[in-house]
Amino acid sequence: MKNKYIIKTQSECILVQDDLLILKKQIELLKPSQIVLVCDKKVQNIVRSITRSLQVRKSIFLNIQESSKSINMWMQLQKQFYKWNLDRKSVVLAVGGGVVGDLVGFVCHTYMRGVSWVSIPTTLLSQLDSGVGGKNAINTNYSKNIIGTVYQPRICYLSADFFKTLPEREITSGLGEALKYTYLTNRIRVNVSDFKARNYKKISKMTSECLNYKMSLVCRDPLDILGVRQKLNFGHTFAHSLETATNFRKFRHGEAVIHGIRFALIVSKNKGLLKDSLYETYRSNLMDVELPRIPRSLSGEELYRLAQKDKKSISGEIKMVLLEKKGKIRNSISVTKEEFLTAYEQLKLHY
Ligand SMILES: NC(=O)c1ccc[n+]([C@@H]2O[C@H](COP(=O)([O-])OP(=O)(O)OC[C@H]3O[C@@H](n4cnc5c(N)ncnc54)[C@H](O)[C@@H]3O)[C@@H](O)[C@H]2O)c1
Ligand SMILES: [Zn+2]
């Protein structure tokens, strides 16, 4: 006997931008038994208007850093949910950057096998990327993001109010992720000057364009098994190696992504996928962004070894997302050690 079961594994996710009333209505539709808040302490003041409007009565404010994505913190929040008597009809608001989103998303998926959550990303980077898509993770002392699941938030709420308190480097970090989208599709344009001038209106508009684009891919492959979402990793193979090699201290994620995009462009050109003339245009567009430099002491061999551990690599063979031209991505292209090391030398020469 052979039976086929079609299982729709993921719930829908509604994107709401800068409209508290709609957010409130959407949450009411979930008929919550109670609404609770897990929030980064740094946005405690800004979040008040949201919690007041939603009548949130139970809150926890956390001092957030990358190390908060830990098994200990996961335990602590599980206990907190239990003390709060959360049930399967409760709704959790996760307010903070990518760290809060990754941590709380994972806690929500594993508490009682799944409690609904609302993602309220507060960094530019998280509004552009991790706020939607449902990927969550915690770190261990041997690897980053190694334990995690995919669990969609029911609602993602974007608010430009959070941008105002972001330090300069967080804006540049967001810019890195925003620039990535301009290579994936011709529909999104990013002006570096809007970021430098902190033109929140323009940044907000561009943010929702990027997230809508990301959601269009997520809907086609919610659990990230078909490869549809792979193109979102453009620039990320090298970025992850760079972040890991520098212990996640020297670069903000989006800063590393800009170096990663530069690296991916060089590899694409060297492989003959990207025309020299286009490479020069794209390269000069990226020159306007000021970034921490790659430490000269960092060896290509080490970065290569780390790239072999990338989630896209198969049996130690590096697979990169490369580019033919803007809007034309080539997924999962094998890159040899020699190609990797040559590109790294060229990257160091240029930047
Ligand atoms: N799940 C995904 O799809 C995905 C994608 C990309 C990155 N990530 C993860 O996201 C994390 C990085 O996210 P991030 O860059 O948002 O980091 P983060 O959450 O650590 O935030 C960066 C810093 O900004 C502070 N902050 C947050 N909002 C603020 C605000 N409005 N004003 C002032 N300060 C504020 C935080 O306290 C922190 O110090 C990493 O752990 C990464 O692995 C996940
Ligand atoms: Zn990223």
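Everything that follows concerns the structure shown earlier in this document.
Residues numbered from 1 in each chain as written. Chains lettered and ligands numbered in written order. Predicted model: local features only at pLDDT ≥ 70, side-chain atom pairs only at ≥ 80, totals over all residues. Heavy atoms only, no water.

Asks: For the environment of Phe195, give the residues involved together with the corresponding values.
Replies: With respect to the helices, strands and loops of the structure, Phe195 is situated in helix H7 (residues 192-196). Sequence-wise, Phe195 and Val228 are 33 residues apart; in three dimensions their C-alpha atoms are separated by 29 Å. (Helix = DSSP H or I, 4+ residues; strand = E, 2+ residues; numbered from the N terminus.)

Asks: I'd like a description of the pattern of salt bridges, backed by residues and values.
Replies: Following the criterion strictly, the structure yields 18 salt bridges and no others. As a salt-bridge pair, Glu66 and Lys144 come within 2.8 Å of each other at their nearest N and O atoms. With Glu66 in the loop between strand E3 (58-62) and helix H3 (71-83) and Lys144 in the loop between helix H5 (124-128) and strand E6 (155-158), this residue pair connects regions lying 78 residues apart in the sequence. We classify Lys144 as partly exposed; its relative accessible area is 25%. Among the ionic pairs, Lys164 bridges to Asp161, the shortest N-O distance being 3.6 Å. With relative accessibility at 39%, the residue Asp161 sits in the partly exposed group. (Salt bridge = Lys/Arg side-chain N within 4 Å of Asp/Glu carboxyl O. Buried < 20%, exposed > 50% of the residue type's maximum accessible area, 1.4 Å probe, protein only.)

Asks: Which residues make up the packing of aromatic side chains, and what values go with them?
Replies: For the structure shown, the criterion picks out 12 aromatic pairs. Aromatic pair Tyr183 and Tyr282: ring centres 5.7 Å apart, planes at 85 degrees, arrangement edge-to-face. In this pair, Tyr183 is assigned in helix H6 (residues 168-184) and Tyr282 in helix H11 (residues 276-285), connecting sequence segments 99 residues apart. Looking at Tyr282, the relative accessible area reads 6%, which means it is buried. An angle of 40 degrees between the planes, with centres 6.0 Å apart, marks the rings of Phe238 and Tyr344 as tilted. Of the two residues, Phe238 sits in helix H9 (residues 236-245) while Tyr344 sits in helix H13 (residues 337-350), which places them 106 residues apart along the sequence. A relative accessible area of 1% means that Phe238 is categorised as buried. The exposure class of Tyr344 is buried, given its relative accessible area of 0%. An aromatic cluster of three or more residues is present, and its members are Phe238, Phe263, Tyr304, Phe340 and Tyr344. Geometry around Tyr181 places Lys180 over its ring, the cationic atom sitting 4.9 Å from the centre. (Phe/Tyr/Trp six-rings, centres within 6.5 Å; stacked < 30°, edge-to-face > 60°. Lys NZ or Arg CZ within 6 Å of the ring centre and 35° of its normal.)

Asks: Just give me the short version of the sheet that holds strand E4 (residues 91-96), but keep the residues and values in it.
Replies: Taken in spatial order, the six strands make up an open sheet running E1-E6-E5-E4-E2-E3, and their pairing is parallel. If you trace the sheet from one side to the other, it starts and ends with strand E1 (14-17) and E3, each paired once. Neighbour to neighbour, the strand axes of the sheet diverge by 15 degrees on average, direction disregarded. Bridge count for strand E2 (residues 35-40) against E4 is five bridges, and the pairing is parallel. When the sheet's bridge partners are listed, Cys39 is paired in E4 with Val95. Where helix H1 (residues 20-29) meets the sheet, its contacts fall on E1, E2, E4, strand E5 (116-121) and E6, and the angle it forms with E6 comes to roughly 165 degrees. Taken strand by strand, H3 contacts E2, E3 and E4, and its axis lies near 165 degrees from that of E3. (Pairing = 2+ DSSP bridges. Axes fitted to C-alpha atoms, helices over the stretch in contact; angles between N-to-C directions. Contact = heavy atoms within 4.5 Å.)

Asks: How would you sum up the packing of helix H10 (residues 253-270) against H13? Please name residues and give values.
Replies: Where H10 contacts H13, the axes come no closer than 9 Å and their chain directions differ by 120 degrees. What the angle tells us is that H10 and H13 run oblique. The hand of the H10/H13 crossing is right-handed. Contacts from His259, Arg262, Phe263, Ile266, Val267, Lys269 and Asn270 of H10 reach H13 at Phe340, Thr342, Ala343, Tyr344, Gln346, Leu347 and His350. Here the residues of the contact of H10 with H13 are counted per class, giving seven nonpolar, five polar and two charged. (Parallel < 35°, antiparallel > 145°, perpendicular 65-115°, else oblique. Left-handed = near helix turned anticlockwise from the far one by under 90°. Nonpolar A, V, L, I, M, F, W, Y, C, P; charged D, E, K, R; others polar.)

Asks: Give a description of the site of ligand 1 that names residues and reports values.
Replies: Around ligand 1 lies a shell of 22 residues, among which Asp40, Glu66, Lys69, Thr123 and Thr165 are the nearest. One nitrogen or oxygen atom from the side chain of Lys42 is found 2.8 Å from an oxygen atom belonging to ligand 1. When the free accessible area of ligand 1 is taken as 860 Å², the share hidden by the protein chains comes to 89%. When residues of the shell around ligand 1 are assigned to their parent elements, the largest contribution, three residues, is made by helix H4 (residues 98-110). Grouping the amino acids of the shell around ligand 1 by side-chain chemistry returns five nonpolar, seven polar and 10 charged. (Near = heavy atom within 4 Å. Polar contact = N/O pair within 3.5 Å; in protein donor to acceptor, adjacent residues only side chain to side chain. Areas by Shrake-Rupley, 256 points an atom, 1.4 Å probe, with all protein chains shown as cover.)

Any functional reading would require information beyond the geometric quantities listed.
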